[in-house]
Each structure stands twice: as structure tokens, then as C-alpha cells.
Protein chains: 2
Amino acid sequence: MHITSLDKTEKSVPNMEGAKGVYKQVPLSARDGAPNFSFRVFTIEPGGNTPFHTHPYEHLNYIIDGSGFLVDESGEHPVSKGDFAMVMPGEKHQYRNPAKNCGNLVMICAVPSQFE
Amino acid sequence: MHITSLDKTEKSVPNMEGAKGVYKQVPLSARDGAPNFSFRVFTIEPGGNTPFHTHPYEHLNYIIDGSGFLVDESGEHPVSKGDFAMVMPGEKHQYRNPAKNCGNLVMICAVPSQFE
């Protein structure tokens, strides 16, 4: 059993080309013994975004705080605190926090452990 | 891509012997095409609890709201809004929301899809 919180979890700037105003934390991971999948948390500042990218694995998201857009090839889809989202393997996508927002967009991004 | 929220997600009383004052929602699941793991949400009313039980799979939790205890064979461990927890396969555990609390304990409980 392992209990933690974001204030006890190291912050890093993710190594993702095209990311802007984003930091990453990994509160529950393979390093803690997670057998199958991991909980990462991304914080996106106002005006920031993750890359518009694809990868060969899904992610399951929960919006902890803030609001913004989950973008795919069909356009911008609004998301806000309390929403759940799933992006499928190979689906091109991006999270954006508009510059006009006052607060950070904070989300859990759970992935299979090998893609942590 | 799939975006949803708890107010759009069916509630059910889980089929778990020993559960009290608990309901279950499954916002992201194999039914939505989740390839590897699913996000379930359990809501535990004040005075309620999940069974003190074990299962052959892990779960990764995020406390969306409220406070209470994650119990294992070593005792009661306090958890509250914003905490992350991981329970390993075979580890005996229970979530409890004390009767003196005013609000529900609401948590994401993510599991491999086959155990959804």
C-alpha cells in the first residue's frame, strides 16, 4: 500500500517537443511497484499546451482542476474540472489551457506502465 | 476520444458483500473501448465502507472529494481530497468514511479492464 499527494511528488519539465508551460508529476508509478499502469499528473499553465501528437498507447484522464480544451483532428473539445477523457492509441491529440484562463489546467493522465 | 463526467454516468449499488453506503460509477471502461484499464468511481456515504477484502489485482486511487481511512492489516491510514493511493494485488484493504463526517468520500478506483 502506498499513499501520497502532489505536494510530496517531484515536479519535472517533460521531455516533449512542442510542449509549452507544462510540468509533470508521477505520483503512482512502476517505481512504486504499479504492476500494470501508472498515474501521472500534468499541470498546464494559462497559455500552455501539450504537443499535438500521437503515441501507440491510450491514456485515461481526469481533470483535477481548471478548464481548457482537448483537441483532436475534428477540433477543440472543452473540458473542465470533474471531466473524464480517454484518448485511444494512435489518436492525434493535445491539451490546451487558453491564455485568458486565470488558473492551471491540472489532470491525471494514466497510461500503461511501459509508457510511463 | 471520449469525454464524460459523473453526472452523465449511471450509478449502481456494487455487488460486494460487506459494502455499506457505497455506490459505483464507471466513467471510462472496456465498454468505451479502454484497451488495458478502467476508471471506476466509488462514493461512500458517512458511516459507510467498502468490504475489508482482497483481490488478485491492484487498484490505483485518487480521492476526488471528502476524507476517510484506507484500512489495511496494519491499521487505519487517513486519506483526504487530493491524495493518491495504490493497493497491491492480494493486499487486504477497506475504505471507510467515518459516520461523523458531513460529506461523501468519492474516489477514482482504476483497475485492469478484466477486473472492471
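Residues numbered from 1 in each chain as written. Chains lettered and ligands numbered in written order. Predicted model: local features only at pLDDT ≥ 70, side-chain atom pairs only at ≥ 80, totals over all residues.

What follows deals with the pairing of strand 4 (residues 59–65) of chain B. Residues and elements named next belong to chain B. Among the seven residues that make up strand 4, five are buried, leaving the element largely enclosed by the rest of the structure. Relative to strand 7 (residues 83–87), strand 4 runs antiparallel, the two being bridged by four bridges. Looking at the pairing, H59 lines up with V87 of strand 7. With five bridges connecting them, strand 4 and strand 9 (residues 105–112) associate as antiparallel partners. Directly across from L60, in strand 9, lies its bridge partner A110. (Buried ≥ 20, exposed ≤ 12 C-beta atoms within 10 Å, placed from the backbone. Helix = DSSP H or I, 4+ residues; strand = E, 2+ residues; numbered from the N terminus. Pairing = 2+ DSSP bridges.)

In this assembly, 35 residues from chain B lie in contact with 35 residues from chain A. Counting residues per element, the ones that place at least two in the side of chain B that touches chain A are strand 1 (2–5), strand 2 (20–28), strand 3 (37–49), strand 4, strand 5 (67–72), strand 6 (75–80), strand 7 and strand 9 of chain B. With five residues, strand 7 of chain B is the largest single contributor of residues to the side of chain B that touches chain A. Counted by class, the side of chain B that touches chain A contains 22 nonpolar, eight polar and five charged residues. Both strand 1 (residues 2–5) of chain A and strand 7 of chain B contribute to a ladder of four bridges, which runs antiparallel. Within the sheet, the bridge partner assigned to I3 of chain A lies in strand 7 of chain B and is A85 of chain B. (Contact = placed C-beta atoms within 7 Å. Nonpolar A, V, L, I, M, F, W, Y, C, P; charged D, E, K, R; others polar.)

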